[in-house]
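# Structural features, examined
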Amino acid sequence: MANTTGSEMKSGSFMLEKSAKIFVAGHRGLVGSAIVRKLQDQGFTNLVLRTHSELDLTSQSDVESFFATEKPVYVILAAAKVGGIHANNTYPADFIGVNLQIQTNVIHSAYKHGVKKLLFLGSSCIYPKFAPQPIPESALLTGPLEPTNEWYAIAKIAGIKMCQAYRLQHQWDAISGMPTNLYGQNDNFHPENSHVLPALMRRFHEAKANNADEVVVWGSGSPLREFLHVDDLADACVFLMDQYSGFEHVNVGSGVEVTIKELAELVKEVVGFKGKLVWDCTKPDGTPRKLMDNSKLASLGWTPKISLKDGLSQTYEWYLENVVQQKQ
């Protein structure tokens, strides 16, 4: 079978094409905005960006006419409908339907209109609930998913498989990257719908502002989690666009894990909250450990650069300037 690994496809030209037209789908989100900043920092001058009101990626005809008119050379697909456990449980049809529509429309139109290379971004939730730790790429489809986000996960798995199918049938250079838990500027600090790290940051900040004596955190604090600053992910995306052209998806993680307790103490320190940290052990802990095996990406020559403490400090500065000040 022709080119099952994609190893014959040429890499290393992306960084030489600074004026090539690049479509970053989802450029206003946490991931997409970081990718835009990274590309601009690297001197790319021809980014094609569309807001949701300008281009509805769930509309096949709109996406088709966009690609026919704009003809981008490269595509980075960071657009997705995302949310936490509550949102996934409440809107399962949206999480599977909207994400399948976005991916199918963008991937097919990109191929059809001669895009040279496409990078599809997924999530670590594609892996089985009881995957081996650290989780290697080969763990995909080896067991049942975590039920609370299986609708989103199945859509993302379909995106990986779609890229692989177009590579097999059409020898088209479509690759996939799977990031771990991300944080950084443009994160969601919503009181109910945010993930653990921005939620902790908001709670410590509000406790500090209100001179509270203590902050109560759910669980025992013992679960281990991995976090990657979104600017590191953006750096990895540019690296993969330039250096990787393979069949298998690639994990993108920091390779460093911390307990939720260690994370909470670090956020408390960065925010400057002087009160007490109380653990509510009647509340669930969730998965005990979730670490990505990052060795494949490391062997290609990429490693993260932003430490958790530095990343948290940067994120808190952004939160103060862009979330707290906006409310005042």
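Residues numbered from 1 in each chain as written. Predicted model: local features only at pLDDT ≥ 70, side-chain atom pairs only at ≥ 80, totals over all residues. Heavy atoms only, no water.

Let us now look at the overall build of the protein chain. Helix and strand counts for the protein chain stand at ten helices and twelve strands. Relative to a compact globule of 328 residues, whose C-alpha radius of gyration would be 20 Å, the protein chain shows 20 Å and is just as compact. The principal-axis extents of the C-alpha atoms in the protein chain amount to approximately 60 × 45 × 40 Å. Counting over 328 residues, the protein chain shows a buried share of 51%. Working note: accessible area of the protein chain is about 14,800 Å², and carbon and sulfur atoms make up 52% of it. (Helix = DSSP H or I, 4+ residues; strand = E, 2+ residues; numbered from the N terminus. Rg over C-alpha atoms; globule rule 2.2 N^0.38 Å. Buried < 20%, exposed > 50% of the residue type's maximum accessible area, 1.4 Å probe, protein only. Areas by Shrake-Rupley, 256 points an atom, 1.4 Å probe, with all protein chains shown as cover.)

With that settled, consider the UniProt feature "domain: NAD-dependent epimerase/dehydratase" (unreviewed entry) in the protein chain. Cross-referencing UniProt, the feature "domain: NAD-dependent epimerase/dehydratase" (unreviewed entry) maps to residues 22-253 in the present numbering. Structurally, residues 22-253 comprises 43% helix and 16% strand, and the distance from its first C-alpha atom to its last is 24 Å. (UniProt positions renumbered as here; feature names shortened; annotations may be inferred.)

If you look at the biggest cluster of nonpolar residues, it comprises 39 residues, and the most contacted ones within it are Phe 23, Leu 57, Phe 67 and Leu 118. Contributions of two or more residues to this core are made by β1 (22-25), α2 (60-70), β3 (74-77), α4 (92-112), β4 (117-121), α5 (150-170) and β5 (174-179). Setting aside residues up to four positions removed in sequence, Phe 23 forms contacts with Val 48, Leu 55, Leu 57, Phe 66, Phe 67, Pro 72, Tyr 74, Val 75 and Ile 76. Core analysis: the second largest hydrophobic core is formed by 34 residues, Phe 14, Val 36, Phe 239 and Trp 302 among them. (Core = buried A, V, L, I, M, F, W, Y, C linked by side-chain atoms within 4.5 Å. Contact = heavy atoms within 4.5 Å.)

Turning our attention to the packing of helix α8 (residues 260-271) against helix α10 (residues 308-327). Across the interface, α8 lies against α10 with an axial gap of 10 Å and an inter-helix angle of 50 degrees. Relative to α10, α8 is oriented oblique. Of the two possible hands of crossing, α8 and α10 adopt the one that is right-handed. Residues Leu 263, Leu 266, Val 267, Glu 269, Val 270 and Val 271 of α8 form the contact with α10, whose own contacting residues are Leu 308, Lys 309, Leu 312, Ser 313 and Tyr 316. (Axes fitted to C-alpha atoms, helices over the stretch in contact; angles between N-to-C directions. Parallel < 35°, antiparallel > 145°, perpendicular 65-115°, else oblique. Left-handed = near helix turned anticlockwise from the far one by under 90°.)

In this section: the environment of Ser 124. Positionally, Ser 124 belongs in the loop between β4 and α5. For Ser 124, a relative accessible area of 6% puts it in the buried group. For Ser 124 and Gln 325, which are 201 residues apart along the polypeptide, the C-alpha to C-alpha distance reads 33 Å. Ser 124 has contacts with Pro 179, Thr 180, Lys 290 and Met 292, leaving out every residue within four places of it along the chain.

Time to look at the pattern of salt bridges. With the rule as written, the count across this model stands at 16 salt bridges. Among the ionic pairs, Asp 235 bridges to Lys 38, the shortest N-O distance being 3.7 Å. Here Asp 235, found in helix α7 (residues 230-243), pairs with Lys 38, found in helix α1 (residues 30-41); they are 197 residues apart in sequence, far enough to count as distant. Each member of the pair, Asp 235 together with Lys 38, is buried. Between Asp 280 and Lys 283 there is a salt bridge; the shortest N-O distance is 3.2 Å. Through salt bridges with shared partners, a single ionic network connects Lys 21, Arg 50 and Glu 70. (Salt bridge = Lys/Arg side-chain N within 4 Å of Asp/Glu carboxyl O.)

This paragraph deals with the sheet that holds β4. With parallel pairing, six strands are arranged side by side in an open sheet as β2-β1-β3-β4-β5-β9. Looking along the sheet, the strands with just one partner apiece sit at the ends: β2 (47-48) and β9 (250-252). Relative to β5, α5 is tilted by about 155 degrees, and along the sheet it contacts β4 and β5. (Pairing = 2+ DSSP bridges.)

Each regular strand displays side chains that alternate between the two surfaces of the sheet. For strand β8 (residues 224-229), the tally of buried residues reaches five of six residues, placing the bulk of the element in the interior. Pairing of strand β6 (residues 181-183) with β8 involves three bridges; the strand directions are parallel. Note on β8: the bridge partner recorded for Tyr 183 is His 229. Alignment of β8 against strand β10 (residues 257-259), held across three bridges, turns out to be antiparallel. Paired with Leu 224 across the bridge in β10 is Thr 259. Note: β8 against strand β12 (residues 289-290), two bridges, orientation parallel. Its bridge partner lying in β12, Arg 225 is registered against Lys 290.

It is worth spelling out the packing of aromatic side chains at this point. Counted according to the given criterion, the structure contains 13 aromatic pairs. Where Phe 14 meets Tyr 74, the ring centres are 4.8 Å apart and the plane angle is 90 degrees; that geometry is what we call edge-to-face. Of this pair, Phe 14 sits in the segment before β1 while Tyr 74 is found in strand β3, placing the two residues 60 residues apart along the sequence. By relative accessible area, Phe 14 is classed as buried at 1%. (Phe/Tyr/Trp six-rings, centres within 6.5 Å; stacked < 30°, edge-to-face > 60°.)

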